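# Coordinate inspection notes
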Amino acid sequence: MKIRAFGLCAALSLASFATFADYSSAQKDLQNKNFDAAFSEFKKLAEQGHPQAMFELAKMYEQGLGATADIYNAFSWYMLALDYGNDDAKERYRDIRSAVPSRKDGKDRYKALAYQFGFDKHQRTLAPVEDKSGHDARYISVKQKVNPEYNDAGGIQSAWATVSFDVNQQGHVINERVIASFPKGVIDDAALAAITQWQYNVPNDYSGEPQAVFDLTHTFELQSSQSNYRREYKSQLAEYSQKLKALADQGNNYAEARYAMMLEANLVEGSEEHYLDWYYRAAINGNYDAQLWLVRCFEYGTACKADKKKAYNWLEVASHSGNERAQYQLANKLLDYETVHYDLDKAAKILKQATHQQYLPAMIAYAKLLAFADKESIRNYEEAVKYAELARAEAPDNPVLLSVLGVAYSELGRMQQGEKYLRQAYDEAKRRNWPTQNYLELMEGRASMMANGTSLIY
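The text that follows walks through the structure, step by step, so that each part is easy to find. This one's a predicted model, so the numbers in the text were calculated from it and none came from an experiment.

Each helix and strand in the chain was counted, giving 22 helices and five strands. Accessible area for the chain stands at about 21,500 Å²; split by element, carbon and sulfur atoms hold 46% of it.

Structure below.
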């Protein structure tokens, strides 16, 4: 029997996955003389700390491509690229500094730019520091694992699949998705079916309350029972990882992030590279998965030195780039009234943005905020009903959505309909083994789910 073709070309067709312009796409725009797009892309990457993008941006300022020619901006960005260790900037800087009309004005412009995007600022606010001492003691741990049921695939196939997921306060897996697999699709369904049955011991925050954890990953790996197929798979996997790394070296952020993930899962044989370095490269190159991986890394110190401020900074970077998962997580931070980040108005604005991208967790959270916010300028029962009903198209029995409808309809004078939804919310929460106290109090008209600290991820 001939082994199934692995489809390396299909597996490495990464363009459809790029949600944010990266260095490789900016280079293509530059080559195609789409200067406005290239300038915008290089500028955003440069401001995130991408050294080669800084160099290219400086060249565009120098040549007046995509922007008005500006020798001072060119000089400043060359100097920043040099600070970040970019070798290409060394020679160019020597040439351009003699062309700057005023050395003092040039240095003043550089200092102003360095204050915002300089190397020292980047190191303080975004750059990871490797830490092998172990993770935060409050970090999540697995309580129950369920192995995938591979059916007949294991007889002839070897494969792996990496699943990303969140864990709510009860330790249940939610929002699961396959982010990469090889060969594509062989064990994807089995991996998803298994991970949804896992249960976790969740960490507590500093007040002792259970804490949700976002963007966890786990790689499932299947080995064929037949040695000849295992050898063929090993050869194909090596070829795949080599081609993936080649794309990563060209500045494709999807390839950078997936190569990091393979390193983390020990799927790249013989490599001594550290996955933290590649996640960081992907993050400054605009990859959302890598940026959120760094958020978790900084939050719990899983591979880098824990730093809550850097975790929050990366969450803002990903959120400002338009990533709905980051926006949802950032809103969670902003709704925590025990932190310095608490900001109801900002949370409402960000949740609305993520809701308009049809991200279900954000839709649920936004509907809840509209119904339960203490702030009258945010609370809007008509809008709460609208967004709750939209979200119920995907999650008809979600207790939070049912409670939103119950409270909103009651406040709008439709008491009988409101009471019906509140009863359904309580019954469904009980069926799911969720804490029911909030739902019971809502039925009795005594509670506000936002005021008592109930998290969005329920």
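Under the counting rule described, the total for this entry stands at one cavity of 30 Å³ or more. By volume, the largest cavity is sized at about 120 Å³. Lining the largest cavity are 15 residues, and of these Ile-179, Thr-217, Tyr-279, Asp-289 and Trp-293 sit closest to its centre. Counting only elements with at least two residues in the lining of the largest cavity, the list comes to β3 (173–182), β5 (213–222), α12 (253–264) and α14 (288–300). It is α14 that contributes the most residues to the lining of the largest cavity, five residues altogether. Residue classes in the lining of the largest cavity are distributed as seven nonpolar, two polar and six charged.

Within this structure, the stated rule accounts for 20 aromatic pairs. Consider the rings of Phe-39 and Tyr-61, whose centres lie 5.2 Å apart with planes at 85°: the pair is edge-to-face. Of the two residues, Phe-39 is situated in helix α3 (residues 35–47) and Tyr-61 in helix α4 (residues 51–63); the sequence distance between them amounts to 22 residues. On the accessibility criterion, Phe-39 (11% relative accessible area) is buried. Of the residues examined, Tyr-61 reaches a relative accessible area of 10% and is grouped as buried. Centre to centre, the rings of Phe-182 and Tyr-240 are 4.6 Å apart; their planes meet at 25°, and the pair counts as stacked. Linking Phe-182 in strand β3 with Tyr-240 in helix α11 (residues 227–249), this pair joins segments that are 58 residues apart in sequence. Owing to a relative accessible area of 0%, Phe-182 belongs among the buried residues under this scheme. Taking relative accessible area as the criterion, Tyr-240 reaches 4% and is therefore assigned buried.

Before going further, it helps to spend a moment on the nonpolar core. Grouped together as the largest cluster of nonpolar side chains are 93 residues, with contacts concentrated most on Trp-160, Met-262, Leu-294, Trp-314, Leu-351, Leu-369 and Val-404. Top element by residues in this core is helix α18 (residues 360–372). It accounts for eleven residues. When neighbours within four sequence positions are excluded, Trp-314 is seen to be in contact with Leu-126, Ala-283, Ile-284, Gln-291, Leu-294, Val-295 and Phe-298.

As a further point, take the sheet that holds strand β2 (residues 159–167). Within a beta sheet, neighbouring strands are joined by backbone hydrogen bonds and run either parallel or antiparallel to one another. The three strands lie next to each other as β3-β2-β5, forming an open sheet whose pairing is antiparallel. Looking at which strands have only one partner, the edges of the open sheet turn out to be β3 and β5. Each adjacent strand pair in this sheet contributes to an overall mean axis angle of 20°, direction not counted. Bridge analysis of β2 against β3 gives seven bridges, and the strand direction is antiparallel. Across the sheet, the residue bridging to Trp-160 is Phe-182, located in β3. Docked against the sheet, α12 engages β2, β3 and β5, running at close to 95° with respect to β3.

Together, Arg-94, Arg-97, Arg-103, Lys-107 and Lys-111 make up a positively charged patch on the protein surface. Elements with a contribution of two residues or more to the positive patch: α6 (88–97) and α7 (103–117). Its place among the elements puts Arg-94 in helix α6.

Glancing now at the packing of helix α2 (residues 23–31) against α4. Across the interface, α2 lies against α4 with an axial gap of 11 Å and an inter-helix angle of 20°. In terms of their interaxial angle, α2 and α4 are classed as roughly parallel. Seen from above, α2 lies across α4 with left-handed handedness. Across from Tyr-23, Gln-27 and Leu-30 in α2, the residues of α4 making contact are Gln-52, Ala-53, Glu-56 and Met-60.

Procedures and definitions
Residues numbered from 1 in each chain as written. Predicted model: local features only at pLDDT ≥ 70, side-chain atom pairs only at ≥ 80, totals over all residues. Heavy atoms only, no water. Helix = DSSP H or I, 4+ residues; strand = E, 2+ residues; numbered from the N terminus. Areas by Shrake-Rupley, 256 points an atom, 1.4 Å probe, with all protein chains shown as cover. 1 Å grid on protein atoms, 1.4 Å probe; cavity = no way out; pocket = protein on both sides within 12 Å on 5 of 7 lines; lining within 4 Å. Points joined across faces, edges and corners; volume = space filled by probe spheres on them. Nonpolar A, V, L, I, M, F, W, Y, C, P; charged D, E, K, R; others polar. Phe/Tyr/Trp six-rings, centres within 6.5 Å; stacked < 30°, edge-to-face > 60°. Buried < 20%, exposed > 50% of the residue type's maximum accessible area, 1.4 Å probe, protein only. Core = buried A, V, L, I, M, F, W, Y, C linked by side-chain atoms within 4.5 Å. Contact = heavy atoms within 4.5 Å. Pairing = 2+ DSSP bridges. Axes fitted to C-alpha atoms, helices over the stretch in contact; angles between N-to-C directions. Patch = residues over 30% accessible without salt bridge, like charges linked within 9 Å, V, L, I, M, F, W, Y side chains within 5 Å. Salt bridge = Lys/Arg side-chain N within 4 Å of Asp/Glu carboxyl O. Lys, Arg positive; Asp, Glu negative; His and termini not counted. Charge placed at Lys NZ, Arg CZ, Asp CG, Glu CD. Parallel < 35°, antiparallel > 145°, perpendicular 65-115°, else oblique. Left-handed = near helix turned anticlockwise from the far one by under 90°.

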